[in-house]
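Given next are the chains, with one letter for each unit.
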Amino acid sequence: MADMISLRELQVQFLAPRKVIRAVNGVNLRVGTGEVVALIGESGSGKSVTLRSIMRLHSERSTRISGTLEVDGKDVLAMSPRALATMRGNTVAMIFQEPLLALDPVYTVGAQIIEAIRHHKKVSQQEARKQALALFEKVRIPSPERRLDAYPHEMSGGMRQRAMIALALSCNPKVLLADEPTTALDATVQIQILLLLRDLQKELGLSIVFVTHDIGAAAEVADRIAVMYAGKIIEQGSAAQLLTQPRHPYTQSLLKSRSHGAMQKGQRLETIGGAPPDLSNLPPGCAFGERCKYATAACHVTPPVEQELAPGHVASCFRLHDIAALATTG
C-alpha cells in the first residue's frame, strides 16, 4: 500500500515570549491510500497540532516545523504559497471540530461551498450549485435544495457538521483530516456522523486521519490507532492490537479510564494521576514517567526508544517486557 501521508521525525515548536513550546516532538506516522488512522490522547498531547501541520495551517511567523512531511509523494515543507493553496482542497481537506466557527456566518452555507468549487474547478455558478446540491445529497442532508440557502446558524449542529463534510469533499480530495468532528454533538448524532464518514471513506477510497478523545469512536472508524502523549506517538498498531493488547502503560491507563459494558453499577472509573508535562520544559527521560506506576530511575534519565512488539505494533517504553510479564503473572 502506497503512503498517502508520511511524517518522519516531525517537530513543531511554537515561539512564545521567553520560551519555546515543543508541541510535537519527533512524530513518525504513515497513512496508506484508503486507510483510516486515528490519533488519540489527552488534550495537549499534540494531536490537532500534528493534523494542522499536514496542511501547514500554523502561523509561519511564530512556528518552527522540521523533519519530513510528505503528502501524496510531495514535500509539503518545501511548497510555495501557490502550491500550498492548490494542495489545500484538491489533495487534502479538513473537517474542523466546530463548524459554526469554521463557516462564515454572513454567507449561506451553499454560497461557501459554491465558492470553493468555482475556485478550484473553474466551473460556472450554475454547475457549481449543481455539484454543491449533489454533495448535500451525498452527506444525507434532508431538503438539500432549501438547506443550500440556509445560514450556518439556521442549521442544527449535526446538519452543520454534514455541511462541513460536504465542503471538505467539494474538490474531490484524496486525504481527509478530521479534527474531533463529533465532540460537540450529542451521542445519537455522533454515531450518525461516524457512520457517514465510514461510508464515504469506503465509497470514495479516502485516506483519513481522525483525531479524537473518544476511543469508541476510534474503534468504529479506524484501521490503525496511534496514541500520542507530550507530542510523541508512544504506541501505534492496528485497532484490534491497541484495543485488545495495549502494551504502553499510558495506553493501558487510557483504556481503563473509560466506561464500558463490563463495568458494574457503583464501580469507580480508574483515572490517570498527575498531569501532562510542561511542553516548554520537558523532562530528559520518558515524558510519562512522573505518572507511570512502572517507572524506574532509568525512565527519568533518557527517553525510551521504539520497540516492535508484533508486525505493525510498536511502542516506546523501557519496561514493555516487564509489564507484559507482570500482567501474565498478576
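Just above sits the structure.
Described below are features of the structure shown in this document.

Conventions we followed
Residues numbered from 1 in each chain as written. Predicted model: local features only at pLDDT ≥ 70, side-chain atom pairs only at ≥ 80, totals over all residues. Heavy atoms only, no water. Helix = DSSP H or I, 4+ residues; strand = E, 2+ residues; numbered from the N terminus. Rg over C-alpha atoms; globule rule 2.2 N^0.38 Å. Buried < 20%, exposed > 50% of the residue type's maximum accessible area, 1.4 Å probe, protein only. Areas by Shrake-Rupley, 256 points an atom, 1.4 Å probe, with all protein chains shown as cover. Lys, Arg positive; Asp, Glu negative; His and termini not counted. Charge placed at Lys NZ, Arg CZ, Asp CG, Glu CD. Contact = heavy atoms within 4.5 Å. Salt bridge = Lys/Arg side-chain N within 4 Å of Asp/Glu carboxyl O.

1. Thoughts on the overall build of the protein
Part 1 of the argument: Within the protein one finds twelve helices and twelve strands.
Part 2 of the argument: On C-alpha atoms alone, the protein measures out to a radius of gyration of 21 Å, which is about the 20 Å that the 2.2 N^0.38 rule sets for 330 residues.
Part 3 of the argument: Its C-alpha atoms give the protein principal-axis dimensions of about 65 × 50 × 40 Å.
Part 4 of the argument: Here the protein holds 330 residues, and 48% of them are scored as buried.
Part 5 of the argument: Carbon and sulfur atoms provide 52% of the accessible area of the protein, an area that totals close to 16,100 Å².
Part 6 of the argument: The averaged location of the 31 negative side-chain charges in the protein is 2 Å from the averaged location of its 37 positive side-chain charges.

2. Description of the side chain of glutamine 13
Part 1 of the argument: Relative to the helices and strands, glutamine 13 resides in strand S1 (residues 3–16).
Part 2 of the argument: Judged by its relative accessible area of 17%, glutamine 13 is buried.
Part 3 of the argument: Contacts of glutamine 13, omitting those with residues within four sequence positions, involve Val20, Ile21, Arg22, Ser62, Thr63 and Arg64.

3. Some details on the pattern of salt bridges
Part 1 of the argument: This model, assessed by the stated rule, comprises 13 salt bridges.
Part 2 of the argument: The closest approach of N and O atoms between arginine 8 and glutamate 70, which form a salt bridge, is 3.7 Å. Of this pair, arginine 8 sits in strand S1 while glutamate 70 is found in strand S4 (residues 63–71), placing the two residues 62 residues apart along the sequence.
Part 3 of the argument: The partly exposed category is assigned to glutamate 70, whose relative accessible area is 25%.
Part 4 of the argument: Three or more residues are tied together by salt bridges with common partners; here these are Asp3, Arg30, Glu35 and Arg224.

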